[in-house]
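# Geometric and topological summary
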Amino acid sequence: NVYNGFMGAKCSPQWSSARLVNHKAMTRAKTTRQQLAAYVEKLGIPVVSCGRDYSTLLKCVAGAFFPNAAKLEADASYKTIRGGQTVYVHPLSVLHNMGAQWLLYHELVVSTKPYILGVCTIEPHWLSELAPHFYKFQGSSKDT
């Protein structure tokens, strides 16, 4: 995992550069992780790794960003669930042209097109599980 490698290299800028990893982003990730760990410790919540079960982490993200869901359209664009806006995954994203059926996004920016940034894949039924006040599950794994 990139984060563990970064930490193992003592947060070295040379390590980041050699692996084409954004050093500033990794430093922010380290700071954010430290803040979250301090916060959950203060609340008395045990810190437990999800290991390789990334769905646990993705569900956590979905719980925070549930309003920012988008569904793949036939023309490879996405339609936001809230607002029905046509958007595109930014070309520099690792999920660009991957055809993920459902995405969550952190940010929407408009340049030559409306692009969504900070995207991750999700299962649509997570939306109704995590935000039943916002989404109503239609019954199919492809619809919400």
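One can find the structure itself at the top, above this paragraph.
Thresholds, definitions, all that
Residues numbered from 1 in each chain as written. Predicted model: local features only at pLDDT ≥ 70, side-chain atom pairs only at ≥ 80, totals over all residues. Heavy atoms only, no water. Helix = DSSP H or I, 4+ residues; strand = E, 2+ residues; numbered from the N terminus. Buried < 20%, exposed > 50% of the residue type's maximum accessible area, 1.4 Å probe, protein only. Contact = heavy atoms within 4.5 Å. Areas by Shrake-Rupley, 256 points an atom, 1.4 Å probe, with all protein chains shown as cover. Lys, Arg positive; Asp, Glu negative; His and termini not counted. Charge placed at Lys NZ, Arg CZ, Asp CG, Glu CD. Expected span 1.5 Å × (residues − 1). Polar contact = N/O pair within 3.5 Å; in protein donor to acceptor, adjacent residues only side chain to side chain. 1 Å grid on protein atoms, 1.4 Å probe; cavity = no way out; pocket = protein on both sides within 12 Å on 5 of 7 lines; lining within 4 Å. Points joined across faces, edges and corners; volume = space filled by probe spheres on them. Nonpolar A, V, L, I, M, F, W, Y, C, P; charged D, E, K, R; others polar. Pairing = 2+ DSSP bridges. Phe/Tyr/Trp six-rings, centres within 6.5 Å; stacked < 30°, edge-to-face > 60°. Lys NZ or Arg CZ within 6 Å of the ring centre and 35° of its normal.

Another aspect to go through is the overall build of the protein chain. Regarding its fold elements, the protein chain presents 5 helices and 7 strands. Considering only C-alpha atoms, the protein chain reaches an extent of 45 × 40 × 25 Å along its principal axes. Looking at the protein chain as a whole, 26% of its 144 residues qualify as buried. Of the contacts made within the protein chain by residues no fewer than 6 positions apart, 43% connect residues no fewer than 24 positions apart. Counting only carbon and sulfur atoms, one obtains 56% of the accessible surface of the protein chain, whose full area is about 9700 Å². With 15 positive and 8 negative side-chain charges, the protein chain shows a spacing of 10 Å between the two charge centroids.

With that settled, the discussion passes to unusual backbone geometry. Within the chain, K10 stands out as a residue other than glycine whose phi angle is a positive 55°. On the secondary structure map, K10 appears in the loop between α1 (2-8) and α2 (13-18). Judged by its relative accessible area of 74%, K10 falls in the exposed class.

Moving on: helix α3 (residues 23-42). Between its terminal C-alpha atoms α3 stretches 29 Å, which fits the 28 Å expected from 20 residues at 1.5 Å a residue. The backbone nitrogen of K24 lies 3.0 Å from a side-chain oxygen of the residue at the head of α3, namely N22.

This paragraph deals with the layout of surface pockets. Of the volumes computed, that of the largest pocket is approximately 1800 Å³. Put simply, the parts of the chain that give the lining of the largest pocket at least two residues each are α1, α3 and α4 (54-65). Looking at which element gives the most residues to the lining of the largest pocket, the answer is α3, with 9 residues. Here the residues of the lining of the largest pocket are counted per class, giving 18 nonpolar, 7 polar and 3 charged. Computed from the structure, the second largest pocket encloses a volume of approximately 520 Å³.

Each strand in a sheet pairs with another by means of backbone hydrogen bonds, the pair being arranged parallel or else antiparallel. Pairing is mixed in the open sheet, where 7 strands are placed in the order β5-β6-β3-β2-β1-β4-β7. In this open sheet, the two edge strands, each paired with only one partner strand, are β5 (107-110) and β7 (120-121). Bridging between β5 and strand β6 (residues 114-117) involves 4 bridges; their strand directions are antiparallel. Residue pairing across strands places E107 opposite L117, the latter belonging to β6.

What follows covers the packing of aromatic side chains. Taken as a whole, this structure holds 2 aromatic pairs when the rule is applied. Aromatic side chains F66 and F134 sit 5.2 Å apart centroid to centroid with 70° between the ring planes, which places their arrangement in the edge-to-face category. Residue F66 is found in the loop between α4 and β1 (69-72), and its partner F134 is found in the segment after α5 (124-130); the two are separated by 68 residues along the sequence. A relative accessible area of 37% means that F134 is categorised as partly exposed. Here the guanidinium or amino end of K113 rests over the ring plane of Y88, the centre of that ring lying 4.4 Å away.

Mapping Q14 onto the fold places it in helix α2. You can call Q14 exposed: its relative accessible area is 58%. Distance from Q14 to H106, taken between C-alpha atoms, is 29 Å for residues 92 residues apart in sequence.

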